[in-house]
Amino acid sequence: MSKSSALFGLAAFCLLFSFAFVAGLQNGVGQLPAMGYNTWNDLRCHGINAANVTKIASMVQSLGLQKAGYNYVNIDDCWNVGRDNFTHVLLPDPKAFPEGIKPVADFIHQLGMKVGIYTDRGPLTCALRAGSMGFETIDAQTFASWGVDYLKEDSCWASINHTVAFQQYGVMRDALNATGREIYFSLCGWAPWYAPVGSSLGNSWRTSPDVNHWPSMYQSISIIENNLSQYAGPGGWNDADMLVGSGQGEKHSLFLLCAASLFTHSSFSPAFLFLFSFYKIGSAVFVTPDQSRTQFSLWSIFSSPLLIGTTLSSITPWDLTTYTNKDVIAINQDPMGKAGMTIVNTCPKADVHAAAFGATAPVPACYQIWVKELFNGDMAMVFVNFSPIATKVTCDQACLVKGLHKAMAARMKGKNANGGIKFHVLNLWSHKSEGVVADMSVALGPNGGSEMYRLRPMN
Ligand code: GLA
């Protein structure tokens, strides 16, 4: 080998070496937010088994969800029963997955989809199954050998010290990379402080506690609103948690009402009144069809992963129409990979400290306008009303221009946008053109009513 080619080789090696270690995550996946289904909100720990997962995968296909872009079928907590004493390999629950995970993964792959699995960076998962702490290499290799394409790593029973958390996620990231298989890495630490470093560790990072009813949905929105958009981009996304679906929410309150009613025979007894008020509190947090649609619009403008958590065998026609809206999905999957931000926000700043402990405050009476820049120069907009009364929200010419500037700061620099800009407006839910406008005034329903548009600047 000549001296110059040896030098060239050394330089190339150094370049590759520094790239691998400076850039952190370079796994080539997650160029767009992930779309798929996750078992947690649907099956929890009770119905998680091979028969159900394969049935669900077939439904993702037959319901037209796969065609709409949903291509991950993700198995969440409760699939394992511990480790083999000698090999330390994780053991799938033999009753639920008698043939193991691989045949389930093969089935999902044959349908043309990808498969996800779940672990935890602590010694146990949130539902007390075996976690990966200390076994990252062997677990990553096991998952790769099963054909896993997506790994969600939770944070129960693990340190909340930021440095320790980043270091632990780094260990799993490197273990996944070392398998040579392309595996989407989904961090689940339920906190906004992952966002600034998230893209060096994984392909998405959970920014909030679990979203499973309307107040927790609002909480997740208010956390993203806290300047997190800047951290999202191709390869790494803010994960605002799973899609909930109409009619889902706190089922415990209803369950308690039913259970306790067995002991209560007089409808006027104090016990009944107490239980009735409990039911009212419980029912108030069930997600309405409008809130379900609003979640989809906002998650799309956030560029959050879109992971369906609803029971597919009983999905409502409304939710199916919502989740397969091509125009809205196109906003989520826009190739430029920007994330939306607010131009109008009358809501209080998120109490990130309270959120860290899973507290969900009542939803305040406020509204927001979100904008997101799209690759072709269009701007996506969501108007959303959190107040309990219907509200008209206006975005005048200055507001629209601010949106354009904010969404497209680079493009608009130096241009005089104040000379009056008109926009062609497409309503992404009615799919109808709303003509050419210089300002907008939008009537919004109460408690999470929203509208979503695609605007094209005309001059
Ligand atoms: C945590 C996560 C959820 C789910 C459960 C499983 O709560 O945030 O998304 O994975 O654990 O136990």
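Please refer to the structure higher up on the page.
So, here is what we can say about the structure in this document. Source: prediction; values computed, not measured.

## Let's talk about the packing of helix H9 (residues 214-225) against helix H12 (residues 289-302)
Argument step 1. Axis separation between H9 and H12 bottoms out at 11 Å; the angle between their running directions is 20°. Accordingly, the angle class assigned to the pair H9 and H12 is roughly parallel. Pair H9 / H12 crosses with left-handed handedness. Note on element contacts: H12 touches H9 through Gln 291, Gln 295, Leu 298, Trp 299 and Phe 302, opposite Trp 214, Met 217, Ser 220, Ile 221 and Ile 224.

## As for a nonpolar patch on the surface
Argument step 1. The grouping of Leu 124, Leu 128 and Trp 157 at the surface amounts to a nonpolar patch, some 320 Å² of accessible area in total.
Argument step 2. Here Leu 128 lies in the loop between strand E5 (114-120) and helix H6 (136-146).
Argument step 3. Residue classification places Leu 128 among the exposed positions, given a relative accessible area of 51%.

## Notes on the sheet that holds strand E9 (residues 237-239)
Argument step 1. With parallel pairing, the 8 strands of this open sheet are ordered in space as E9-E8-E7-E6-E5-E2-E1-E10. Of all the strands in the sheet, the pair left with one neighbour each is E9 and strand E10 (306-308). Direction aside, neighbouring strands of the sheet carry axes that sit 25° apart on average.
Argument step 2. For strand E8 (residues 204-206) and E9, the ladder comprises 3 bridges, and the chain directions are parallel. Bridging across to E9, Trp 205 finds its partner in Asn 238.

## Some thoughts on the nonpolar core
Argument step 1. Counting 86 residues, the largest nonpolar core has Tyr 70, Trp 79, Phe 97 and Trp 299 as its most contacted members.
Argument step 2. With sequence-adjacent residues up to four places away left out, Phe 97 is seen in contact with Ile 48, Asn 49, Ala 50, Val 53, Ile 75, Trp 79, Pro 92 and Val 104.
Argument step 3. Residues Val 393, Leu 404, Val 425 and Leu 444 belong to the second largest nonpolar core, which totals 23 residues.

## Some words on the sheet that holds strand E18 (residues 449-457)
Argument step 1. Taken in spatial order, the 6 strands make up an open sheet running E11-E12-E13-E18-E15-E16, and their pairing is antiparallel. Two strands close off the open sheet at either side, each with one partner strand: strand E11 (341-345) and strand E16 (433-437). Across the sheet, the axes of successive neighbouring strands diverge by a mean angle of 25°, strand direction being ignored.
Argument step 2. Along the sheet face, H12 touches strand E12 (367-373), strand E13 (379-385) and E18 and points at about 140° away from the line of E13.
Argument step 3. Across the face of the sheet, helix H16 (residues 397-407) comes into contact with E11, E12, E13, strand E15 (423-427) and E18 while running at roughly 155° to E11.

## Details of H16
Argument step 1. Buried within H16 are the following residues: Cys 399, Leu 400, Val 401, Gly 403, Leu 404 and Ala 407.
Argument step 2. Here H16 starts with a cap whose side-chain oxygen sits 3.2 Å from the backbone nitrogen of Ala 398, and that cap is Asp 396.

## Details of the environment of Trp 237
Argument step 1. Here Trp 237 shows up in strand E9.
Argument step 2. For the pair Trp 237 and Gly 198, spaced 39 residues apart in sequence, the C-alpha separation works out to 7.9 Å.
Argument step 3. With near-sequence residues (within four places) excluded, Trp 237 lies in contact with Gly 30, Gln 31, Leu 32, Pro 33, Tyr 184, Asn 203, Ser 204, Trp 205, Ala 232, Ser 303, Pro 305 and Gly 337.

## Some details on the pairing of E15
Argument step 1. Every second residue of E15 is oriented toward a common face, the buried set being Phe 423, Val 425 and Asn 427 and the non-buried set His 424 and Leu 426.
Argument step 2. Bridge count for E15 against E16 is 3 bridges, and the pairing is antiparallel. Each bridged residue has a counterpart across the sheet, and for Phe 423 the counterpart in E16 is Val 437.
Argument step 3. In this structure, the hairpin formed by E15 and E16 is closed by a connection of 5 residues, where His 431 is found at a positive phi of approximately 65°.

So, how was this worked out
Residues numbered from 1 in each chain as written. Predicted model: local features only at pLDDT ≥ 70, side-chain atom pairs only at ≥ 80, totals over all residues. Heavy atoms only, no water. Axes fitted to C-alpha atoms, helices over the stretch in contact; angles between N-to-C directions. Helix = DSSP H or I, 4+ residues; strand = E, 2+ residues; numbered from the N terminus. Parallel < 35°, antiparallel > 145°, perpendicular 65-115°, else oblique. Left-handed = near helix turned anticlockwise from the far one by under 90°. Contact = heavy atoms within 4.5 Å. Patch = residues over 30% accessible without salt bridge, like charges linked within 9 Å, V, L, I, M, F, W, Y side chains within 5 Å. Areas by Shrake-Rupley, 256 points an atom, 1.4 Å probe, with all protein chains shown as cover. Salt bridge = Lys/Arg side-chain N within 4 Å of Asp/Glu carboxyl O. Buried < 20%, exposed > 50% of the residue type's maximum accessible area, 1.4 Å probe, protein only. Pairing = 2+ DSSP bridges. Core = buried A, V, L, I, M, F, W, Y, C linked by side-chain atoms within 4.5 Å. Polar contact = N/O pair within 3.5 Å; in protein donor to acceptor, adjacent residues only side chain to side chain.

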